[in-house]
Amino acid sequence: MDTLRAARYPFLEESSSFAESHSADIVSLLMSPSYADARKRGVDRILGAIRNSEVSYVPLANFEYERLMEVMSYPYARIIVSCLNDRFLTKRYALAESVHMNRLLGEERASTVISIAKELKVDAVSKDDMLMMHFTDYLRLSSRIKSVEWKLVNSEIFNGHVFLSNERFCRALQNALQDKIESELPISVPDDIRKIVSNDVKHIEIALNDMKSKFSGDVGDVQVEEFPPCMRSLLSGTQNGLNLPHSGRFALVSFLHTLGMDSEQIMALFSKSPDFDESKTIYQVKHITGEVSSTEYTPPECKTMKSYGICYEPDDLCNNEKVVHPLIYYRIRTRSGKRDAAPADEKE
């Protein structure tokens, strides 16, 4: 048994086998002083998710004890997350674990990456050190990565498998693990166990509420429900942890800014995303809004949105020849309140 791999990727079957070989069970994990380090590490996994959208890295020495604590911290974290049963936390935790796996996979041999892919129910093979994924799995895992280079037509396919660089293959596996964890949580936690872990649950709840309240400002008079389909899709994507292309983030931020939202209000919307990173997001927002640059950018017009591949599900109003800009769409909707209103002659 590869105990290092079991510890690095605690969602694997061999991780469970490793724990069983040491007679590690839930009662011991919850009650025994010998597993205090596993409980602490489990809490740290969740705190890393809340604060940084990634489980913190821990170097694992060649000691069975350290590796066992790492393995057992994973089920403990799942128990705490399940006790809170907060949708945002669940998605953010799933993302954090999957990002952590992605980073670790970058250090692995192709054979290890393939074996982990198969455990995640992904049809994958390697050929001449190239990683390949069946196109059906590729489509499923890449569907929410809204970037032109990820489209199947831009990929090389052999016998139904898509050739991928190691970086892109591991990025797709990130989505596979995120989906797996989200589908498994919350687990059922009996009341007696809830009492035992109540202090750690309260610790995490405080950290979660603190993170949420930091960007809980209102959005002023902006009517999100009247956004054009492209902006609604982009906003929904970022709030659901989708990986928006740079063009999409730029279009959304500049659109919100033009509507009169300040940086804090825009940050409040972005903070609902499971992959929200305060330092990165605030820089991007302030750059686009002109607070840290010499240029105050305006949102792209419809034809530019189409050329970038971010014009999503246009409706009847979008197809009106006079609606050439997302802002025109929004102004028509907010003035008339009707999706089929006749556009006024506006110029941007």
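About the criteria used
Residues numbered from 1 in each chain as written. Predicted model: local features only at pLDDT ≥ 70, side-chain atom pairs only at ≥ 80, totals over all residues. Heavy atoms only, no water. Helix = DSSP H or I, 4+ residues; strand = E, 2+ residues; numbered from the N terminus. Buried < 20%, exposed > 50% of the residue type's maximum accessible area, 1.4 Å probe, protein only. Contact = heavy atoms within 4.5 Å. Areas by Shrake-Rupley, 256 points an atom, 1.4 Å probe, with all protein chains shown as cover. Lys, Arg positive; Asp, Glu negative; His and termini not counted. Charge placed at Lys NZ, Arg CZ, Asp CG, Glu CD. Disulfide = S-S within 2.5 Å. Pairing = 2+ DSSP bridges. Salt bridge = Lys/Arg side-chain N within 4 Å of Asp/Glu carboxyl O.

1. What about the overall build of the chain?
So, step 1. For the chain, the helix and strand inventory stands at 17 helices and four strands.
So, step 2. For the C-alpha atoms alone, the extent of the chain along its principal axes is close to 75 × 50 × 40 Å.
So, step 3. Split into buried and exposed, the 348 residues of the chain put 51% on the buried side.
So, step 4. Here the analysis covers contacts within the chain between residues at least 6 apart in sequence; of these, 70% occur between residues at least 24 apart.
So, step 5. If you sum the accessible surface of the chain, you get close to 17100 Å²; carbon and sulfur atoms cover 48% of it.
So, step 6. The centroid of the 43 positive side-chain charges in the chain is displaced by 2 Å from the centroid of its 51 negative side-chain charges.

2. Observations concerning the state of the cysteines
So, step 1. Inspection of the entire model under this criterion finds zero disulfides.
So, step 2. No disulfide involves Cys302; its sulfur sits 6.5 Å from that of Cys230, the nearest cysteine.

3. Regarding the sheet that holds strand β3 (residues 157-158)
So, step 1. Spatially, the four strands line up as an open sheet ordered β1-β2-β4-β3, and their pairing is antiparallel. Sheet topology places β1 (124-127) and β3 at the edges, where each strand pairs with a single neighbour.
So, step 2. One ladder, built from two bridges, connects β3 with strand β4 (residues 161-164); its direction is antiparallel. By the bridge assignment, Ile157 is partnered in β4 with Val162.

4. Brief notes about the pairing of strand β2 (residues 130-134)
Where a strand is regular, its side chains alternate between the two sheet faces.
So, step 1. A large share of β2 lies buried, amounting to four of its five residues.
So, step 2. Across four bridges, the pairing between β1 and β2 is antiparallel. When the sheet's bridge partners are listed, Ala124 is paired in β2 with Met133.
So, step 3. With antiparallel pairing between neighbouring strands as the criterion, β1 and β2 make up a hairpin whose turn holds two residues, including Asp128 at a positive phi of roughly 55 degrees.
So, step 4. Relative to β4, β2 runs antiparallel, the two being bridged by four bridges. Paired with Leu131 across the bridge in β4 is Leu164.

5. Here we look at the pattern of salt bridges
So, step 1. Overall, the coordinates contain 14 salt bridges when judged by the stated rule.
So, step 2. The shortest N-O distance in the salt bridge between Glu108 and Arg8 comes to 3.1 Å. Of this pair, Glu108 sits in the loop between α6 (87-105) and α7 (110-119) while Arg8 sits in helix α1 (residues 3-8), placing them 100 residues apart in sequence.
So, step 3. Judged by relative accessible area, Arg8 falls into the buried class, the value being 14%.
So, step 4. Across the pair Lys180 and Glu184 runs a salt bridge, and its minimum N-O distance is 2.7 Å. Residue Lys180 and its partner Glu184 are located together in helix α9 (residues 166-184), separated by four residues, close to a single helical turn.
So, step 5. Members of the salt-bridge network, linked through shared partners, are Arg41, Arg45, Glu70 and Glu97.

6. A look at the pairing of β4
So, step 1. A two-sided burial pattern is seen for β4, the buried positions comprising His161 and Phe163 on one face and Val162 and Leu164 on the other.
So, step 2. Following β3, the chain reverses through two residues before pairing antiparallel with β4; Asn159 in that reversal takes a positive phi of roughly 50 degrees.

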